[in-house]
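# Reading the structure
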Amino acid sequence: MKKRFLIFTVTAGNGHNSAANAVKEKLEAMGGEVKVVDLLHEYCDSKTFIWIQEKGYGLAVQYLHKIYNAFFRKYQKLKPEKANKSPVQGGLLKMYDKVLQLIYDFKPDAIYASHFLPCVMITNLRKLYPLPAKTYSFIFDYAVCPFWEAATGIDYLLIPNESYMPYMISKGFKKEQLLPYGLTVNEKFSRSIDKSQARAKLGLKDGVFTMFVMFGGGFWSGNYKIVKNIVKNLKSHSLQIIVANGKAEKDKRKIDKLKIPANIKLLNFGFSKDVDLLMSAADIIIGKAGGVSVTESLNKFLPMVCCKKLPEQERVNVEMLVREGAGKQYKNNRDMIKILSNLINNPKELIKMRDNVARLRKPDATTMLAKDMFECDAVYPEETDIDYSKINKQIKKILKTKPSKA
C-alpha cells in the first residue's frame, strides 16, 4: 500500500505554495500518494481573513511599511504562554471540524505544512484528539516570523541551521523537534547546470558579466526600473541581462521598448518555468528576498543584490546574506550601480561571495524531509466516535484557558 501524505498550504505570497509543490513533487517521485489542500481556499468562509492573508500583506508592506515592520517586531516577542491569545487564533475557529475530518478520512502517514496556520490548528486539535500522523513544517524565512509560539504541537520544524535552535526553544519548541536541514525548495534548484552550457542554451556569451533580474513587479521597484537604471548607467560595460517578469506583464512590455546599447545583451522573459536554468547562466541575481527565493539562489550558488526597503522578514534575510558575505544591499538607484560596478570590475569579490554562498547553502532539505516522512507509519483507529459539530466550540473553549505544553 502506498504511503499517504497530506500537505497544507496557504496562498499568502507564492513562496508557501512553491514550498508545498516542491515537497509534493519529491514525495510523488518517491512513490507516495499526496493530497495538497489550500487551507483558506478550501475551508475558510471569512472573506476578510482570506483577504488579509492574500492581499492585506502586500498592501501593508507597500503602503504601511514602517507600521507593518513595527507590528512584526512586536508580535515576534510574544511568549509561549500567550499562544492562546495570538491574533491568528480567531480566524481559524470555524475550520477545525473540517480539518480534523479531512485527516481522519484521508489517513495520512505524515503531514507537511508550508505555513504556520495549519500548524496552529494541529497544535490545538492535539489537545483534544489523537492525530497519528507526524507533522512537519519549516520556518520559511531566515527571520523567525511571529505566531510560531502557537504552533509548537507539531512534531518537527525545519530550521536554516543549528544557530536558530535557542530562539525556537524560547518560543516553546523542544530541541528534538528542530531539524536543521535548511528550507524546502524545489530540487531542480539543487541540480548543477554548467554555466557555459546554460549560457549557450540561452544564446548568451561565456566570459561576460551576466545579471539575472527577478523582482517580479515587487513592492518597491519592479524589473523595469531596475533594468532601466542598469542600462542607463552601465552602458559603457559589456553586459548580459536576463529578466524574468512572471505575472508583471506591464513591466515586460516596458522593458521590451527600452533602447539597448549594442554592448548589452538583454533577454526579457515573461513567466518562465526554467528559472533554475536562468539562474545557472547568471553571475548574480537582483531580486526579492523571501525565504524561498533566497534559498533557491543559495542552492544555485548565486550571490544576491537586494534593495534596502523591505518587509521585516526579508530585511532580516538580507541582513543574514550581507553578514555572511553572500549578498549586497543597496539604498537607492545610485547605490545599486555602485555595487554592480564594483562586482563587474572586481572578479575576485564575486568569487569571494560565491564561496560564501557555497558555505551557507543546504541543498538537500527537501530530500531529507521526504525521507523522514516516508519513515512514518500512522495507525488510525478503525472507528471514531467524533461529533464534528462540537469541535469548533471545544477549541474555542480551550483557547480561553491557559495553554498547556504541547
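Please refer to the structure higher up on the page.
Here goes a summary of the coordinates provided. Keep in mind it's a predicted model, so treat the numbers as computed, not measured. (Residues numbered from 1 in each chain as written. Predicted model: local features only at pLDDT ≥ 70, side-chain atom pairs only at ≥ 80, totals over all residues. Heavy atoms only, no water.)

## What about the side chain of Asn229?
- Mapped onto the fold, Asn229 is located in helix H10 (residues 223–233).
- Here the side chain of Asn229 touches Asn333 through a polar contact of 3.1 Å, landing on its backbone oxygen.
- If we skip the residues at most four places from it in the chain, Asn229 touches Asn333, Met336 and Ile337. (Helix = DSSP H or I, 4+ residues; strand = E, 2+ residues; numbered from the N terminus. Polar contact = N/O pair within 3.5 Å; in protein donor to acceptor, adjacent residues only side chain to side chain. Contact = heavy atoms within 4.5 Å.)

## Observations regarding the packing of aromatic side chains
- One pass over the full model with this rule turns up 13 aromatic pairs.
- Judged by centre distance (5.6 Å) and plane angle (45°), the rings of Tyr75 and Phe147 are tilted. Of this pair, Tyr75 sits in helix H4 (residues 65–76) while Phe147 sits in the loop between strand E4 (134–138) and strand E5 (156–158); the two residues are 72 residues apart in sequence, bridging distant segments of the chain.
- Taken together, a centroid distance of 5.7 Å and an interplanar angle of 55° make the contact between Phe116 and Phe147 tilted. Of this pair, Phe116 sits in helix H7 (residues 116–125) while Phe147 is found in the loop between E4 and E5, placing the two residues 31 residues apart along the sequence.
- Take Phe116: its relative accessible area is 8%, and that puts it in the buried class.
- An aromatic cluster is built from Phe71, Tyr75, Tyr112, Phe116, Phe138, Phe140, Phe147, Trp148 and Phe173, whose rings are joined through pairwise contacts. (Phe/Tyr/Trp six-rings, centres within 6.5 Å; stacked < 30°, edge-to-face > 60°. Buried < 20%, exposed > 50% of the residue type's maximum accessible area, 1.4 Å probe, protein only.)

## A closer look at the sheet that holds strand E1 (residues 4–9)
- The strand order across the open sheet formed by 6 strands is E2-E1-E3-E4-E5-E6, and the pairing between neighbours is parallel. Each edge of the open sheet is held by one strand with a lone partner, namely strand E2 (33–38) and strand E6 (178–179).
- As judged from the 6 bridges shared by E1 and E2, these two strands associate in the parallel manner. Residue Arg4 lies in a different strand from E2, and its bridge partner there is Glu33.
- Packed onto the sheet, helix H1 (residues 14–29) meets E1, E2, strand E3 (110–113) and E4 and runs at close to 170° relative to E1.
- Packed onto the sheet, helix H17 (residues 365–374) meets E1, E3, E4, E5 and E6 and runs at close to 150° relative to E3. (Pairing = 2+ DSSP bridges. Axes fitted to C-alpha atoms, helices over the stretch in contact; angles between N-to-C directions.)

## As for the sheet that holds strand E8 (residues 239–244)
- Judged by pairing direction, the sheet is parallel, and its 6 strands sit side by side in the order E9-E8-E7-E10-E11-E12 without closing on themselves. At either end of the open sheet lies a strand with only one pairing partner, and these are strand E9 (264–269) and strand E12 (327–330). Averaged over all adjacent pairs, the angle separating strand axes in this sheet is 20°, with direction ignored.
- In this fold helix H11 (residues 249–256) packs onto E8 and E9, with an angle of close to 150° to the strand it touches most, E9.

## Some remarks on empty space enclosed by the protein
- For the structure shown, the criterion picks out 1 cavity of 30 Å³ or more.
- Reported here for the largest cavity is a volume of approximately 50 Å³.
- Around the largest cavity, the lining residues are Leu183, Val185, Asn186, Glu187, Ser190, Asn299, Lys362, Pro363, Ala365 and Thr366.
- Its residues assigned to classes, the lining of the largest cavity shows 4 nonpolar, 4 polar and 2 charged. (1 Å grid on protein atoms, 1.4 Å probe; cavity = no way out; pocket = protein on both sides within 12 Å on 5 of 7 lines; lining within 4 Å. Points joined across faces, edges and corners; volume = space filled by probe spheres on them. Nonpolar A, V, L, I, M, F, W, Y, C, P; charged D, E, K, R; others polar.)

## Things to note about a positive patch on the surface
- Together, Lys225, Lys228, Lys232, Lys235, Lys250, Arg253, Lys254 and Lys257 make up a positively charged patch on the protein surface.
- Put simply, the parts of the chain that give the positive patch at least two residues each are H10 and H11.
- Tracing the backbone through its elements, the reader meets Lys235 in the loop between H10 and E8. (Patch = residues over 30% accessible without salt bridge, like charges linked within 9 Å, V, L, I, M, F, W, Y side chains within 5 Å. Areas by Shrake-Rupley, 256 points an atom, 1.4 Å probe, with all protein chains shown as cover. Salt bridge = Lys/Arg side-chain N within 4 Å of Asp/Glu carboxyl O. Lys, Arg positive; Asp, Glu negative; His and termini not counted. Charge placed at Lys NZ, Arg CZ, Asp CG, Glu CD.)

## Remarks on the packing of helix H6 (residues 96–106) against H7
- Put simply, H6 and H7 touch, their axes get as near as 11 Å, and they point 80° apart. As far as their axial angle goes, H7 and H6 are roughly perpendicular. Touching Tyr96, Val99 and Leu100 of H6 are Val120, Met121, Asn124 and Leu125, all from H7.
- Looking at the contact of H6 with H7, its residues break down into 6 nonpolar, 1 polar and no charged. (Parallel < 35°, antiparallel > 145°, perpendicular 65-115°, else oblique.)

## Describing the environment of Lys397
- With respect to the helices and strands, the residue Lys397 is situated in helix H18 (residues 391–398).
- On the accessibility criterion, Lys397 (62% relative accessible area) is exposed.
- Separated by 212 residues in sequence, Lys397 and Val185 have C-alpha atoms that sit 38 Å apart.

By themselves, these are just geometric observations and shouldn't be taken as functional.
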